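What the coordinates show
Residues per chain, in single letters:
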Amino acid sequence: MAKNLIIVESPAKSKTIKKFLGKNYEVVASNGHVRDMPKSQMGIDFEHDFEPKYITIRGKGELLANLRKEVKKADKIYLATDPDREGEAISWHLCHALKLDPEKTSRITFNEITKNAVRQSLKQSRKIDMNLVDAQQARRVLDRMVGYSISPLLWQKVKRGLSAGRVQSVALRIIADREAEIDAFIPKEYWSIEVSFTLDRVKKPLVAKYYGDPHKREITSRQEVDEIMAELEGAQYHVADIRKSQRTKKPPLPFTTSTLQQECSKYLNFATRKTMQVAQQLYEGVPVKGHGTIGLITYLRTDSNRISDEADAACKEFIAENYGEENIIEKAGAAKSSRKIQDAHEAIRPTYVELTPARVKESLTRDQFRLYQLIWKRFVASRMHSAKYETISVKIEGNNHRFTSAGSKLIFPGFMSVYKTDEDKEEANAVLSKVTEDSVLTLAELKEEQHFTQPPAHYTEASLVKELEELGIGRPSTYAPTISTLISRRYVAKEKKNLYLSELGDIVNQIMVSAFPSIVDVHFTATMEALLDGVEEGTVEWKTIIRNFYPDLEESVSQAEEALEKIEIEDEVTDVICEHCGRNMVIKYGPHGKFLACPGFPDCRNTKPYYEKIGVKCPKCGGEIVIKKTQKGRRYYGCENNPECDVMTWQKPSSEKCPRCGSMLLEKGKNLMCEDTTCGYLVQNPQKE
């Protein structure tokens, strides 16, 4: 009998596939890439049209030797790496590293690791798609050019160990721009007025919010509130209008990589990296009681919401049996997007819809179960009818001023019987249903409240992934590693889900923006992604992209080396005396920023935190205000006498005091603003004029 060899990336995947095939098939793993460009050099042959130089990855020699032995035994070889650009490139590298005979080597792909999918792929084997390989090569060469050209410049200008990246640097700029937007934000005052009424034979009060006089009106000051309250004094209130209607809420679309990462961050508190790790386990296969090792979800790197006809039919049959035919939607919704979707794979869904989360729970870890449950519920919900609400809106008038109250009641759950999020909570108001146009309203309470507009929210991993996807930057496989790199390099600090720009990240971003504006330009990067898609489709030649890109990069690097003023990180001597040896301690720069160290190293290894003074006295105790950092590296300003003195602010304080109330003035972009928002004092910063 003929011997068939299937090569996949991971041992877990090989174990799952092995059980689907007979003794005639051997399944082995390459453990990812076997060849790559060398780490010690650029690895691009500029004299021969930017040809990449590939070498065997260190530590893969023994594995390749074992693979060669298996290849010799086989009559037919199938390369079954992941169904994307990266997987295609791994197969291509395996062909070269193992010197495979093209006549007896075939490429197979499957979107899910199931018996039918694997067997079907063997019937539909093909040659390696060089368009996919070239798209991956183009991305790899571009990233290598940017990283290896700019990173040494950052070492020279700032410190060794820093790095720049084509997608990474754009993501850093997006975070930096949001930080600047938040720092420059000036809160605006606004007020709300709420009124409570009692109704005959109704225990609970009817609560309504101020709308206008009678047209919609924003209340921006205490003076306006007082005027309205005076006009409402002694007013007679009546129901002016009651409107009842229905509204529908459409079911969600099945998950893409981006939306999965966003939902897991919101509801499971998973980092993007963890989401992809756990999803990879579910895709490659886990032991499930009564089923052996099986893949529970489809391929996890996709930007498409498409579902196969077979999976759609199976899901609708499941819904009919378990939730009733009235819940099945005839035609599922589709994503609305102006950007190009690769659509190479289906959306992320369970491979067997009949394997409910409850049936597999005891076979999975806690994280695997929670992720599988989210994917399963979302997929089933996407094939169900919209939820229907009954809504009621009441308008109340008094002395030509209008108040409104609204609520809704779920009358047909539809998809929400399976998948419900925090946003789907009902705005129930039982009192509204008892209100008629003849209802007698008795004023119980009239309450006003002051508010201030809030700055834009700091990016979280979820919102950053959403922004990158909407801007067309990166692809499903790049979101998690991009964010992980920013955090591991300490360019960004993560605290309670929020991402904050660190001092180091700020310096690197400033250099990139000033010296390499095109590299960190959002539109340029999105255009580059579109060109890479063109390579995949066969409409763009990959070397053309490189030929057009490199000369501009080379010129920018050359100019930056000459023009950038070097950021000196020399050892600055301070007046702090080392208590161990009596020397004056110096300022050093480490991975977390500046710190004090004894110049007698290695004889004396004494170090201390360094708190940089900003020339502002503490308004509470008279001590110095210094720059400090949280444990994660986020910068703030506090009194040097902490913990005895608790003065602390995220914005930089000014030496000026508020002329109205005497509080600290904080720098907000080009302005100085009183730290007490109720004071509202605002003036242009004379230093920023």
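Residues numbered from 1 in each chain as written. Predicted model: local features only at pLDDT ≥ 70, side-chain atom pairs only at ≥ 80, totals over all residues. Heavy atoms only, no water.

**Some details on the nonpolar core**
Counting residues in hydrophobic clusters, the biggest one holds 61 residues, and the most contacted among them are Phe 110, Leu 296, Leu 371 and Tyr 372. Residue contributions to this core peak at 9 residues, all from helix α12 (residues 366-382). Excluding anything up to four places from it in sequence, Tyr 372 contacts Leu 282, Leu 296, Ile 297, Pro 350, Tyr 352, Leu 355, Thr 356, Pro 357, Val 360 and Leu 364. Counting residues in each nonpolar core, the second largest holds 59 residues, with Ala 138, Val 146, Tyr 491 and Phe 549 among its members. (Core = buried A, V, L, I, M, F, W, Y, C linked by side-chain atoms within 4.5 Å. Buried < 20%, exposed > 50% of the residue type's maximum accessible area, 1.4 Å probe, protein only. Helix = DSSP H or I, 4+ residues; strand = E, 2+ residues; numbered from the N terminus. Contact = heavy atoms within 4.5 Å.)

**Describing the side chain of Gln 280**
Within the fold, Gln 280 resides in helix α9 (residues 272-284). Overall, Gln 280 belongs to the buried group, its relative accessible area being 16%. Among the polar contacts made by the side chain of Gln 280, one reaches the side chain of Glu 284 at a distance of 2.8 Å. Not counting the four nearest positions on each side in its chain, Gln 280 is found in contact with Asp 82, Leu 300 and Arg 301. (Polar contact = N/O pair within 3.5 Å; in protein donor to acceptor, adjacent residues only side chain to side chain.)

**Digging into the packing of aromatic side chains**
Counted by the stated rule, this structure contains 11 aromatic pairs. Between the aromatic rings of Tyr 283 and Tyr 299, the centroid separation amounts to 5.3 Å while the plane-to-plane angle is 65°, which identifies the pairing as edge-to-face. You can see Tyr 283 sitting in helix α9 and its partner Tyr 299 sitting in the loop between β13 (292-294) and α10 (309-323), a full 16 residues away along the chain. Both residues of the pair, Tyr 283 and Tyr 299, belong to the buried class. Their ring planes at 25° and their centres at 6.2 Å tell us that Phe 524 and Phe 549 sit as a pair that is stacked. Of this pair, Phe 524 sits in helix α16 (residues 522-537) while Phe 549 sits in helix α17 (residues 542-563), placing them 25 residues apart in sequence. Residue classification places Phe 524 among the partly exposed residues on the basis of a relative accessible area of 28%. (Phe/Tyr/Trp six-rings, centres within 6.5 Å; stacked < 30°, edge-to-face > 60°.)

**Focus: the packing of helix α6 (residues 168-183) against helix α15 (residues 503-515)**
Packing of α6 against α15 brings their axes to within 10 Å, and their N-to-C directions diverge by 110°. Of the possible angle classes, the one that applies to α6 and α15 is roughly perpendicular. In the packing of α6 onto α15, the handedness of the crossing is left-handed. Only Gly 505, Val 508, Asn 509, Met 512 and Val 513 of α15 make contact with α6, whose side of the interface consists of Ser 169, Leu 172, Arg 173 and Ala 176. For the contact of α6 with α15, a count of residues per class yields 5 nonpolar, 3 polar and 1 charged. (Axes fitted to C-alpha atoms, helices over the stretch in contact; angles between N-to-C directions. Parallel < 35°, antiparallel > 145°, perpendicular 65-115°, else oblique. Left-handed = near helix turned anticlockwise from the far one by under 90°. Nonpolar A, V, L, I, M, F, W, Y, C, P; charged D, E, K, R; others polar.)

**A word on the packing of α10 against α12**
To describe two helices that pack against each other, one gives the angle between their axes and the distance between the axes. Contact geometry for α10 and α12: axes closest at 9 Å, N-to-C directions at 90°. Overall, the two elements α10 and α12 adopt an arrangement that is roughly perpendicular. Between α10, through Ala 311, Cys 315, Phe 318, Ile 319 and Tyr 323, and α12, the contact on the second element is made entirely by Trp 376, Phe 379 and Val 380.

**Looking at the environment of Gly 505**
Considering the arrangement of structural elements, one finds Gly 505 in helix α15. On the basis of relative accessibility, which here comes to 0%, the residue Gly 505 falls in the buried class. Through-space distance from the C-alpha of Gly 505 to that of Lys 250 is 41 Å; in sequence the pair is 255 residues apart. Every residue in contact with Gly 505, bar those within four places of it in the chain, is listed here: Leu 172, Arg 490 and Tyr 491.

**Some thoughts on unusual backbone geometry**
With an omega of 10°, the peptide bond between Phe 601 and Pro 602 qualifies as cis. Relative to the assigned elements, Pro 602 resides in the loop between β21 (593-597) and β22 (607-609). The omega torsion of the bond from Asn 642 to Pro 643 falls at 10°, within 30 degrees of zero and hence cis. Examined against the element boundaries, Pro 643 turns out to sit in the loop between β25 (635-639) and β26 (648-649). One non-glycine residue, Asn 31, lies in the positive phi region at around 55°. Tracing the chain through its elements places Asn 31 in the loop between β2 (25-29) and β3 (35-36).

**A few points about the sheet that holds strand β30 (residues 682-684)**
Strand order in the open sheet formed by 4 strands is β27-β28-β29-β30, and the pairing between neighbours is antiparallel. Among the strands making up the open sheet, the edge pair consists of β27 (653-657) and β30. Adjacent strand axes in the sheet meet at a mean angle of 35°, parallel and antiparallel pairs treated alike. Bridging between strand β28 (residues 664-668) and strand β29 (residues 671-674) involves 4 bridges; their strand directions are antiparallel. By the bridge assignment for β29, Glu 667 is matched with Leu 672. (Pairing = 2+ DSSP bridges.)

**Points about the confidence of the model for the protein**
Of all residues in the protein, 94% have pLDDT values of 70 or greater, and the mean over the chain is 88. Between residues 338-343, whose pLDDT stays under 50, and residues either more than four places distant or in other chains, the model counts 16 contacts. (pLDDT = per-residue confidence, 0-100.)

**Remarks on a positive patch on the surface**
Taken together, Lys 19, Lys 115, Arg 119 and Lys 123 make up a surface patch of like positive charges. By the element assignment, Lys 115 lies in helix α4 (residues 115-123). (Patch = residues over 30% accessible without salt bridge, like charges linked within 9 Å, V, L, I, M, F, W, Y side chains within 5 Å. Areas by Shrake-Rupley, 256 points an atom, 1.4 Å probe, with all protein chains shown as cover. Salt bridge = Lys/Arg side-chain N within 4 Å of Asp/Glu carboxyl O. Lys, Arg positive; Asp, Glu negative; His and termini not counted. Charge placed at Lys NZ, Arg CZ, Asp CG, Glu CD.)

**Some remarks on the pairing of strand β1 (residues 4-8)**
The side chains of a regular strand alternate between the sheet's two faces. For β1, the buried fraction is high: 5 of the 5 residues fall into the buried class. Where β1 lies against strand β7 (residues 76-79), 4 bridges are found, and the strand directions are parallel. Looking across to β7, one finds that Asn 4 is bridged to Lys 76. As defined by bridge partners, β1 adjoins β2 across 5 bridges and the pair is classed as parallel. The partner of Asn 4 across the bridge, within β2, is Tyr 25. Crossover handedness for the path β1 to helix α1 (residues 11-18) to β2: right-handed. (Right-handed = clockwise from strand over helix to strand, strands pointing away.)

**Observations concerning the pattern of salt bridges**
Following the criterion strictly, the structure yields 38 salt bridges and no others. Ionic pairing is found between Lys 447 and Glu 194, a salt bridge with its closest N-O pair at 3.9 Å. Taken together, the residues Lys 447 in strand β16 (residues 442-452) and Glu 194 in strand β9 (residues 189-199) connect sequence positions 253 residues apart. Overall, the relative accessible area of 28% leaves Glu 194 in the partly exposed class. A salt bridge links Lys 274 to Asp 367; its shortest N-O distance comes to 3.0 Å. Of this pair, Lys 274 sits in helix α9 while Asp 367 sits in helix α12, and the two are 93 residues apart along the sequence. A relative accessible area of 30% means that Lys 274 is categorised as partly exposed. Residue Asp 367 is classed as partly exposed on the basis of its relative accessible area of 21%. A network of salt bridges, in which partner residues are shared, links Asp 49, Glu 51, Glu 541, Lys 543 and Arg 547.

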